[in-house]
Amino acid sequence: MVAPFLPDPEKLAAVREALPSLSAGIYLNTGSVGPLPAETAAAMAEMAVYERDMGRAHVDYFHEAMARMGEARAAVAAVLGTDVAAVGLTHATTDGMNQATLLPDWRSGGRAVTTAHEHPGGVGPLYAVRDRWGVDVVFVDAGDDGDDERTVAAFDAAITDDTRLVSISHVLWTTGAVMPVARIAELAHARGALVVVDGAQAAGAMAFRFDETGADLYAVSAQKWLLGPEGMGALVVDPALVDRLVPALGGWFSFERVDGRGDGAWWADARRFEATGYHRPSVVGMARSIGWLSMYVGLDFVHRRGIAMAARAATRLASIPGVTVLTPRDRMATLVTFRIAGWPAEAALDELGARVFAIARTIPGLDALRISVGFYTSDDELERLAGAVELLASHAPETLPPRRTLLVLGEG
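Residues numbered from 1 in each chain as written. Predicted model: local features only at pLDDT ≥ 70, side-chain atom pairs only at ≥ 80, totals over all residues. Heavy atoms only, no water.

Participant: Please set out the overall build of the protein residue by residue, giving values where relevant.
Facilitator: Helices and strands together make up the secondary structure of the protein, namely 12 helices and 13 strands. Taken against the 2.2 N^0.38 rule, which gives 22 Å for 412 residues, the C-alpha radius of gyration of the protein at 23 Å falls within 12% of a compact globule. Each principal axis of the C-alpha distribution contributes one length, and for the protein these read about 75 × 60 × 45 Å. Counting only residues that meet the buried cut, the protein has 54% of its 412 residues in that class. Counted over contacts in the protein with a minimum sequence separation of 6, partners at least 24 positions apart contribute 72%. Accessible surface, the protein as shown: approximately 17,800 Å² in total, 55% of it carbon and sulfur. Across the protein, the mean location of the 36 positive side-chain charges is 1 Å away from that of the 51 negative side-chain charges. (Helix = DSSP H or I, 4+ residues; strand = E, 2+ residues; numbered from the N terminus. Rg over C-alpha atoms; globule rule 2.2 N^0.38 Å. Buried < 20%, exposed > 50% of the residue type's maximum accessible area, 1.4 Å probe, protein only. Contact = heavy atoms within 4.5 Å. Areas by Shrake-Rupley, 256 points an atom, 1.4 Å probe, with all protein chains shown as cover. Lys, Arg positive; Asp, Glu negative; His and termini not counted. Charge placed at Lys NZ, Arg CZ, Asp CG, Glu CD.)

Here it is in structure tokens:
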């Protein structure tokens, strides 16, 4: 059983036992979907069985579901060091980015500033407001190399007085570089712009507080570094700003009083950003996974060991002749992006999957491989991966020794 005060080696063993999918291969794709704790899967299954056998329509069950949503909000608030009232549940990071992008009054145009390295979940709504209202969307080609001064200077030049929104990632999904979000937010606020941050690759992966980011809105996913189910996420909103932001009404309304909308308290905090139709087992799963990380594994262990192991992986891969690590090692979290000379990324990923059962992904725009290294990753796994990368780097695809095969003899 995982307990908060176990020595690191014992805790790692307990954590790995509690994450059954780690036995399916070298799990290196939490940046897409993380391993689900057995405890979470059991809680979700129990809820699903209850719904099957007892139904979902009783009013008491509705109130119980509302309480579980409160737990999920509180869990996110604990991880990001903010108030529960600042958290609204969503279905994904993309939901939060969509809502935040629609908040400024775009009817008279204006400018939105982002980077050239953003995830489609953040870029998609920017294209939508560009196409509908003629918004000037500016893509800053900076941030991927970890040069904060160059990045800040580029944003300083791009954020003009008519900029209404700055939309950036905390950790770039492409190279894994950590962005200087607080400094960019300061520039944006000085020119009257709203700041939304895509925190999908940061929340649960690295230690920070929401108020330290300078963001007005911060969107997160449940299924990545928070190890929750898919179809859940959260949008964290600056408490000083939330009462002036009204979603889903066109994005340009503001009211001083909250009335005429049923539960006034509901509309007075970040719950106003919540949709309807949440899958109740998934709400329970989100709360359970984040609670497990916070209370049993311990966020210090999660953040400290995850970042240390990712740095170790980056250093080890960079030491291999023919391997180029694209992730800036002095500005990284838990993503490591790299190339193997002479190897298309997809071909390399296929070989790594077949030879050492590495579960990773490619970044198509960079023709590079990306691994997500977590607090649960073992030294042995990293060394097995590095050994396979060394093999590929010492050969071209056409000269690579064939994989070992097992001949199965049947009757006759």
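So, next bit.
Participant: How would you explain unusual backbone geometry if you had to name every residue and give the values?
Facilitator: Among all residues save glycine, negative phi is the norm, and among peptide bonds the norm is trans. Even without a glycine there, the phi angle at Leu227 is positive, about 60°. In this structure, Leu227 sits in the loop between β7 (217–221) and β8 (233–237). The phi torsion at Phe357 lies on the positive side, around 55°, for a residue other than glycine. The topology assignment puts Phe357 in the loop between α11 (345–356) and β11 (358–359). On the accessibility criterion, Phe357 (53% relative accessible area) is exposed.

Participant: Got a sec to walk through the layout of surface pockets? Specific residues and values, please.
Facilitator: A probe as big as a water molecule, rolled over the atoms, marks out the empty space that is left. Taken as a whole, the largest pocket encloses approximately 330 Å³ of empty space. For the largest pocket, the lining is made up of 17 residues, of which Arg68, Glu71, Val284, Ala287 and Arg288 are closest to its centre. Among the secondary structure elements, those contributing two or more residues to the lining of the largest pocket are α2 (38–54), α3 (59–80) and α10 (280–318). The biggest single contributor to the lining of the largest pocket is α10, with nine residues. Partitioned by chemical class, the residues of the lining of the largest pocket number 10 nonpolar, two polar and five charged. (1 Å grid on protein atoms, 1.4 Å probe; cavity = no way out; pocket = protein on both sides within 12 Å on 5 of 7 lines; lining within 4 Å. Points joined across faces, edges and corners; volume = space filled by probe spheres on them. Nonpolar A, V, L, I, M, F, W, Y, C, P; charged D, E, K, R; others polar.)

Participant: Break down α11 for me, citing the residues and quoting the values.
Facilitator: In this model, α11 (12 residues) spans 16 Å end to end at C-alpha, consistent with the 16 Å of a helix rising 1.5 Å per residue. Buried within α11 we find Ala345, Ala348, Leu349, Glu351, Leu352 and Val356. Buried residues along α11 cover an arc of 165° about the axis, so they all sit on one side. The elements touched by buried residues of α11 are β1 (26–27), β10 (335–340), β11, β12 (361–363), β13 (368–372) and α12 (379–393). Note on α11: the residue one or two positions beyond its end, Phe357, has a positive phi of about 55°. (Expected span 1.5 Å × (residues − 1). Arc of directions from axis to C-beta.)

Participant: I'd love a proper account of the sheet that holds β13, names of residues and values included.
Facilitator: Overall, antiparallel pairing links the four strands, which are arranged β9-β10-β13-β12 in an open sheet. Each edge of the sheet is formed by a strand with only one pairing partner; in this case those strands are β9 (323–325) and β12. Adjacent strand axes in the sheet meet at a mean angle of 35° when their direction is disregarded. Contacts between α11 and the sheet are confined to β10, β12 and β13, with β13 contributing the most and set at about 45° to the helix. Taken strand by strand, α12 contacts β9, β10 and β13, and its axis lies near 25° from that of β10. (Pairing = 2+ DSSP bridges. Axes fitted to C-alpha atoms, helices over the stretch in contact; angles between N-to-C directions.)

Participant: I'd love a proper account of the pairing of strand β3 (residues 111–115), names of residues and values included.
Facilitator: Most of β3 sits out of view: five of its five residues are buried. In terms of strand pairing, β3 meets strand β4 (residues 136–140) through five bridges, oriented parallel. Of the residues in β4, the one forming a bridge with Thr114 is Phe139. A crossover links β3 with its parallel partner β4, the connecting element being helix α5 (residues 120–133), and its sense is right-handed. Note that β3 and strand β5 (residues 163–169) share three bridges and pair parallel. When the sheet's bridge partners are listed, Ala112 is paired in β5 with Leu165. (Right-handed = clockwise from strand over helix to strand, strands pointing away.)

Participant: Pulling in residues and values, what's your account of the packing of aromatic side chains?
Facilitator: In the structure shown here, the tally under the stated rule is six aromatic pairs. Ring centres of Tyr127 and Phe139 lie 6.0 Å apart, and the angle between their planes is 50°; this geometry places the pair in the tilted category. Note that Tyr127 is positioned in helix α5 and Phe139 in strand β4, a separation of 12 residues in sequence. Aromatic pair Phe210 and Tyr218: ring centres 6.4 Å apart, planes at 85°, arrangement edge-to-face. Through a chain of ring-to-ring contacts, three or more aromatic side chains come together here, namely Phe208, Phe210 and Tyr218. (Phe/Tyr/Trp six-rings, centres within 6.5 Å; stacked < 30°, edge-to-face > 60°.)

Participant: Give me the packing of α2 against α10: which residues, what numbers.
Facilitator: Two quantities define a packed helix pair, namely the angle between the helix axes and the distance between the axes. Running from amino to carboxyl end, α2 crosses α10 at an angle of 155°, the nearest separation of the two axes being 8 Å. On the basis of their axis angle, the class for α2 and α10 is roughly antiparallel. Considering only the axes of α2 and α10, their crossing is right-handed. On α10, the residues touching Glu39, Thr40, Ala43, Met44, Met47, Ala48 and Glu51 of α2 are Arg280, Pro281, Ser282, Val284, Gly285, Arg288, Ser289 and Trp292. In terms of residue class, the contact of α2 with α10 is made up of seven nonpolar, four polar and four charged. (Parallel < 35°, antiparallel > 145°, perpendicular 65-115°, else oblique. Left-handed = near helix turned anticlockwise from the far one by under 90°.)

Participant: An account of the packing of helix α1 (residues 8–18) against α10 is needed here, citing residue identities and associated values.
Facilitator: Closest axis-to-axis distance for the α1/α10 pair is 12 Å, and the angle between their directions is 120°. The angle between α1 and α10 places the two elements in the oblique class. Considering only the axes of α1 and α10, their crossing is left-handed. On the side of α1, the interface is formed by Asp8, Lys11, Leu12, Val15 and Ala18, while α10 contributes Trp292, Tyr296, Val297, Phe301, Arg304 and Arg305. Here the contact of α1 with α10 is built from residues that sort into seven nonpolar, no polar and four charged.

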